[in-house]
Amino acid sequence: MRIAVAADELVGVAEMVVEELRKRGHEPVLHGALNPEERADWAWASEKAARAVAEGQADQGIVCCWTGTGASIAANKVAGIRAALCADAETARGARRWNDANVLALSLRLISAPLLTEILDGWFTSNPSDDPTDQANIAHVSEI
């Protein structure tokens, strides 16, 4: 899977995300501080990754900043993006299952290497729900 990855600085798990994705057989597409040709600021980097997902250049995205909040806000401004700020594996599983989240937002401050592995396990092993109520909620979010 092609995963658009953005970080606004090379601290915390920023580079570990890329390494972990490659270990799992994914193809990271790098943005922000991970790509020296791009602006690193969280709003610009997260927008780039989110647009790559929305435009079909990437299957999913991961956006990172110090708290993860700014990255998730910026990504969610792009039409068709459902970014979820996740600090644990259960939240990541739920975001994929009930929200059909297509962009994972992470805090560079809070996430450790072992926790990153757990969150990515939760994210990549969960699929969107086929429950009609869950699907109706996702459709309504697209209409808002």
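Cut-offs used in this document
- Residues numbered from 1 in each chain as written.
- Predicted model: local features only at pLDDT ≥ 70, side-chain atom pairs only at ≥ 80, totals over all residues.
- Heavy atoms only, no water.
- Buried < 20%, exposed > 50% of the residue type's maximum accessible area, 1.4 Å probe, protein only.
- Helix = DSSP H or I, 4+ residues; strand = E, 2+ residues; numbered from the N terminus.
- Arc of directions from axis to C-beta.
- Contact = heavy atoms within 4.5 Å.
- Right-handed = clockwise from strand over helix to strand, strands pointing away.
- Pairing = 2+ DSSP bridges.
- Axes fitted to C-alpha atoms, helices over the stretch in contact; angles between N-to-C directions.
- Parallel < 35°, antiparallel > 145°, perpendicular 65-115°, else oblique.
- Left-handed = near helix turned anticlockwise from the far one by under 90°.
- Nonpolar A, V, L, I, M, F, W, Y, C, P; charged D, E, K, R; others polar.
- Polar contact = N/O pair within 3.5 Å; in protein donor to acceptor, adjacent residues only side chain to side chain.
- 1 Å grid on protein atoms, 1.4 Å probe; cavity = no way out; pocket = protein on both sides within 12 Å on 5 of 7 lines; lining within 4 Å.
- Points joined across faces, edges and corners; volume = space filled by probe spheres on them.
- Phe/Tyr/Trp six-rings, centres within 6.5 Å; stacked < 30°, edge-to-face > 60°.
- Lys NZ or Arg CZ within 6 Å of the ring centre and 35° of its normal.

Peer 1: Is there a simple way to explain helix 1 (residues 14-23) in this structure?
Peer 2: The periodicity of an α-helix, 3.6 residues per turn, causes residues three or four positions apart to be oriented the same way. Buried within helix 1 we find Ala-14, Val-17, Val-18, Glu-20 and Leu-21. Down the axis of helix 1, the smallest arc covering the buried residues is 165°, so these residues share one side. More than 90 degrees from the buried face of helix 1, the exposed residues found are Arg-22 and Lys-23. Tucked inside the fold, the buried residues of helix 1 contact strand 1 (2-7), strand 2 (27-32), strand 3 (60-65), strand 5 (103-107) and helix 5 (113-125). Backbone geometry just downstream of helix 1 places Gly-25 in the positive-phi region, at approximately 90°.

Peer 1: In this structure, what is going on with the pairing of strand 1? I would like to understand it.
Peer 2: Each regular strand carries side chains that alternate between the two faces of the sheet. Across the 6 residues of strand 1, 5 count as buried, placing the element largely inside the fold. With helix 1 bridging strand 1 and its parallel neighbour strand 2, the resulting β-α-β unit is right-handed. Pairing between strand 1 and strand 3: 5 bridges, direction parallel. Each bridged residue has a counterpart across the sheet, and for Ala-7 the counterpart in strand 3 is Cys-64.

Peer 1: Is there a simple way to explain the packing of helix 1 against helix 5 in this structure?
Peer 2: Angle between the axes and distance between the axes: these two values describe a pair of packed helices. Two elements in contact, helix 1 and helix 5, have axes whose closest approach is 11 Å; the angle formed by their N-to-C orientations is 50°. Comparing the axis directions of helix 1 and helix 5 gives the class oblique. In this structure, the crossing between helix 1 and helix 5 has a hand that is right-handed. On helix 5, the residues that touch Met-16, Val-17, Glu-20 and Leu-21 of helix 1 are Ala-113, Leu-116, Thr-117, Leu-120 and Phe-124. Here the contact of helix 1 with helix 5 is composed, by residue class, of 7 nonpolar, 1 polar and 1 charged.

Peer 1: Looking at this structure, I do not really get the side chain of Ser-72. What am I missing?
Peer 2: Summarising the element assignment, Ser-72 is placed in helix 3 (residues 69-76). Taking relative accessible area as the criterion, Ser-72 reaches 8% and is therefore assigned buried. Here Ser-72 is in contact with Val-63, Ala-83, Leu-85 and Ala-105, once residues within four sequence places are set aside.

Peer 1: Can you walk me through the side chain of Ser-107 in this structure?
Peer 2: The residue Ser-107 is located in strand 5 in this model. In terms of polar contacts, Ser-107 uses its side chain to reach the backbone amide nitrogen of Leu-110, at 3.0 Å. Look past the residues within four positions of Ser-107 in its chain and what remains in contact with it is Cys-65, Trp-66, Thr-67, Gly-68 and Leu-85.

Peer 1: Help me out: how do you make sense of the layout of surface pockets in this one?
Peer 2: Rolled over the atoms, a probe sized like a water molecule indicates the empty space that remains. The volume enclosed by the largest pocket comes to roughly 160 Å³. Around the largest pocket sit Asn-76, Gly-80, Ile-81, Arg-82, Ala-83, Val-141, Ser-142 and Ile-144, which together line it. Looking at the lining of the largest pocket, its residues break down into 4 nonpolar, 3 polar and 1 charged.

Peer 1: It is not clear to me how the packing of aromatic side chains should be interpreted in this structure. Could you clarify?
Peer 2: Ring pairs (aromatic) are described by centroid distance and by the angle formed between their planes. Counted according to the given criterion, the structure contains 0 aromatic pairs. The ring of Trp-44 has Arg-39 lying over it, and the distance from NZ or CZ to the ring centre is 3.4 Å. The lysine or arginine in question, Arg-96, covers the ring of Trp-123, its NZ or CZ lying 5.5 Å from the ring centre.

Peer 1: Mind showing me how you'd approach the sheet that holds strand 1 here?
Peer 2: The strands making up a sheet associate through backbone hydrogen bonding, with each pair oriented either parallel or antiparallel. Ordered in space as 2-1-3-5-4, the 5 strands form an open sheet in which the pairing is parallel. The open sheet is flanked by strand 2 and strand 4 (83-85), the only strands paired with a single partner. The mean inter-strand angle of the sheet, taken between neighbouring strand axes irrespective of direction, is 20°. As paired strands, strand 3 and strand 5 are joined by 5 bridges and run parallel to one another. Within strand 5, the residue paired with Val-63 across the bridge is Ala-105. Against the sheet, helix 3 engages strand 3, strand 4 and strand 5, with an angle of about 140° to strand 3.

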